[in-house]
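Close look at the chain arrangement
Each chain, letter by letter, is given below.
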Amino acid sequence: MIPRRRIRLEWADLADALRTPWVSADAAADQVSAFERAFADAIGAPHAIATASGRDALGLILDGLGLGEGDELVIPAYTLGELVPLIRARGIVPVPADVDPASFNMTVASVAARIGPRTRAIFVVHLLGAPCDIRGICALADAHGLAVVEDCAHAFGASIDGRPAGSFGSAALFSLEATKAVAAFGGGVLVTADAALAAAARARLAGRERREWLPVRKMLLKFAEEIAVRSPAYAIAARLMFSARSAGGFDRLYRQAHDRVRGKPLAFSAFQARLGLRKLARVTARQKRLNAQWEALARDLPARFVAQRRSDFGRPAFYNFVARFDGDIGALRAAAQRHGLDLGIGGEVMDDTAAMLGFADCPGAAGAAAQAVLLPLYDGLSEARLRRTVAVLRRIAEELA
Ligand SMILES: *Cc1c(COP(=O)(O)O)cnc(C)c1O
């Protein structure tokens, strides 16, 4: 089977990082500072603060900006649905702005349409690594006196006019989850030029417990999961788990299990810092390979599949490949399974947050949620597998014609 995602197993990273859990508290703090400095330099921002997750960073940003009860936050109508409860838990009212069906990103016009007297900030995402019109959105925010929070969970390495994504808004969040660009098997980074916001976040993080073995355990579990996924038995199990009838349910269970493992937010560990530094050192080369493979896939796709528009606003950093499928998505899933191709479909890609919040006026998000298909693209994808993916997609397109 051709999987849609793969976590690269780097045994040297594991061996290296396993030396850290025994270091002193001072040495651990030094490691974390070194990682934060390297990350800040990569984004070209004065402050980078390592957090327990991307979500944790978002929470710290919202609190640091003073958003609370009754304040409205414009959010993307198509993004990670798990962010919505985090926003609402603070009494903040999320208001979804529709996305461009070609790029899956919010536009200046869709954001402007959602600004009202209670709006305090705009939460933008560079979805799937394609830069949104961050300059236009920041100009709009300035005109209305609003803060801009940049979700760069997918966009490490993307840039707009040569300036890194994450350096435009009032603050930005990055994710260091196992599936993201700089994977430290959990963690996040808050990036900002606002010294007061940085100080407030640091003060909140100061009392947190540091537990070195938890991220180590997570990495070992991910490695075990990855080895299981690579075994032949997995292909049979996947047919059951991702069948048309059970896929949504399984996906939800999987996400819930992950949330439970997450637990309470801890301090960033020396293990994660060391791993993060090693990943940062390789990230540019990795991104170059992934972008080249993304282009190859986009060029060779059959006509029924339309690749996400690369963006009109800057240089993307792809680590996922998402296309729209113009046709019966259920038939596509069944055909892909017959051919041993693992696709992500609908809510397995991203969520229609407008529908979640009861808004029926975001056709771009509804269309994206109905038609988005995640195709295989990951670090370590072989050229042979890439070609086989294209061949299978062509056969499927003919079968479904
Ligand atoms: C992954 C992700 C986040 C946050 O990630 P964590 O899992 O909390 O580290 C935020 N936004 C988007 C769009 C994401 O995909």
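Per an unreviewed UniProt entry, the recorded name for the chain is DegT/DnrJ/EryC1/StrS family aminotransferase, and the organism is Aromatoleum petrolei. What the UniProt record of the chain gives under Sequence similarities (unreviewed entry) is the line "Belongs to the DegT/DnrJ/EryC1 family."

**A look at the sheet that holds strand β15 (residues 372-375)**
Judged by pairing direction, the sheet is antiparallel, and its 4 strands sit side by side in the order β11-β12-β15-β13 without closing on themselves. The sheet is open, and its two edges are formed by β11 (305-307) and β13 (344-345), each paired on a single side. Relative to strand β12 (residues 321-325), β11 runs antiparallel, the two being bridged by 3 bridges. By the bridge assignment for β12, V306 is matched with R324. Sheet strands touched by helix α11 (residues 270-300): β11, β12 and β15. Its angle to β12, the strand with the most contacts, is close to 15 degrees.

**A look at the sheet that holds strand β1 (residues 47-51)**
Sheets are built from strands that pair by backbone hydrogen bonding, the pairs being arranged parallel or antiparallel. Pairing is mixed in the open sheet, where 7 strands are placed in the order β1-β10-β9-β6-β5-β2-β4. The outermost strands of the open sheet, each flanked by one partner alone, are β1 and β4 (93-97). Along the sheet, successive strands turn relative to each other by an average axial angle of 20 degrees, direction set aside. With 5 bridges joining them, strand β9 (residues 171-175) and strand β10 (residues 188-192) adopt antiparallel strand pairing. In the strand pairing of β10, L173 is matched with L190. Sheet contacts for helix α3 (residues 54-64): β1, β2 (72-76), β5 (119-125), β6 (147-151), β9 and β10; angle to β9, the most-contacted strand, approximately 165 degrees.

**Some points on the site of the ligand**
The environment of the ligand is formed by 15 residues, the closest being R55, D151, H154, S175 and K180. Contact between the ligand and G54: an oxygen atom at 2.8 Å from a main-chain N or O atom of the residue. Relative to its unbound accessible surface of 380 Å², the ligand loses 97% to contact with the protein.

**Quick notes on helix α7 (residues 195-206)**
Spanning 12 residues, α7 covers 16 Å between terminal C-alpha atoms, matching the ideal 16 Å at 1.5 Å per step. Its buried side turned inward, α7 meets β1, α3, β9 and β10. The residue sitting at the N-terminus of α7 and contributing the capping side-chain oxygen is D194; that oxygen lies 3.0 Å from the backbone nitrogen of A196.

**Describing unusual backbone geometry**
Even without glycine at this site, D161 takes up a positive phi of about 50 degrees. Inspection of the secondary structure puts D161 in the loop between β7 (159-160) and β8 (163-164). The residue F185 is not glycine, and still its phi comes out positive at about 55 degrees. Its location among the elements puts F185 in the loop between β9 and β10.

**As for the pattern of salt bridges**
Under the defined criterion, the tally for this structure stands at 29 salt bridges. The partner of K222 in a salt bridge is E225, and the shortest N-O contact between them spans 3.5 Å. One end of the pair is K222 and the other is E225, both in helix α8 (residues 213-229) and 3 residues apart, which spans about a single turn. Here K222 falls in the buried class, since its relative accessible area comes to 7%. With a relative accessible area of 33%, E225 lands in the partly exposed category. A single network of salt bridges, built from pairs that share partners, joins R8, E10, D13, D16, R19, R274, R278, R282, R286, R289 and D379.

**Overview of the nonpolar core**
F39, Y78 and I122 are the most contacted members of the largest nonpolar core, which totals 59 residues. Counting residues in each nonpolar core, the second largest holds 30 residues, with I2, A130, F305 and L381 among its members.

**Section: the packing of aromatic side chains**
Using the criterion set out here, one finds 11 aromatic pairs in the structure. Judged by centre distance (4.9 Å) and plane angle (90 degrees), the rings of W11 and F223 are edge-to-face. Linking W11 in helix α1 (residues 11-17) with F223 in helix α8, this pair joins segments that are 212 residues apart in sequence. Take F223: its relative accessible area is 3%, and that puts it in the buried class. With centroids separated by 5.7 Å and ring planes inclined at 50 degrees, the aromatic side chains of Y78 and F104 adopt a geometry described as tilted. Residue Y78 is located in strand β3 (residues 78-79), and its partner F104 is located in the loop between β4 and α5 (108-112); the two are separated by 26 residues in the primary sequence. Given a relative accessible area of 0%, Y78 falls into the buried group. Members of the aromatic cluster, joined through ring pairs, are F35, F39, F156, F174 and F268.

**Regarding helix α14 (residues 363-371)**
For α14, the set of buried residues is G364, A365, G367 and A368. Taken down its axis, α14 places every buried residue within 165 degrees of arc, on the same side.

**Some points on the pairing of β6**
β6 sits mainly inside the fold: 5 of its 5 residues count as buried. Direction of pairing for β5 relative to β6: parallel, over a ladder of 5 bridges. Its bridge partner being in β6, V124 is matched across the sheet by E150. Following the chain from β5 across helix α6 (residues 134-144) to the adjacent parallel β6, one finds a crossover that is right-handed. The pairing of β6 with β9 spans 3 bridges and is parallel. When the sheet's bridge partners are listed, V149 is paired in β9 with A171.

Conventions we followed
- Residues numbered from 1 in each chain as written.
- Predicted model: local features only at pLDDT ≥ 70, side-chain atom pairs only at ≥ 80, totals over all residues.
- Heavy atoms only, no water.
- UniProt positions renumbered as here; feature names shortened; annotations may be inferred.
- Pairing = 2+ DSSP bridges.
- Helix = DSSP H or I, 4+ residues; strand = E, 2+ residues; numbered from the N terminus.
- Contact = heavy atoms within 4.5 Å.
- Axes fitted to C-alpha atoms, helices over the stretch in contact; angles between N-to-C directions.
- Near = heavy atom within 4 Å.
- Polar contact = N/O pair within 3.5 Å; in protein donor to acceptor, adjacent residues only side chain to side chain.
- Areas by Shrake-Rupley, 256 points an atom, 1.4 Å probe, with all protein chains shown as cover.
- Expected span 1.5 Å × (residues − 1).
- Salt bridge = Lys/Arg side-chain N within 4 Å of Asp/Glu carboxyl O.
- Buried < 20%, exposed > 50% of the residue type's maximum accessible area, 1.4 Å probe, protein only.
- Core = buried A, V, L, I, M, F, W, Y, C linked by side-chain atoms within 4.5 Å.
- Phe/Tyr/Trp six-rings, centres within 6.5 Å; stacked < 30°, edge-to-face > 60°.
- Arc of directions from axis to C-beta.
- Right-handed = clockwise from strand over helix to strand, strands pointing away.

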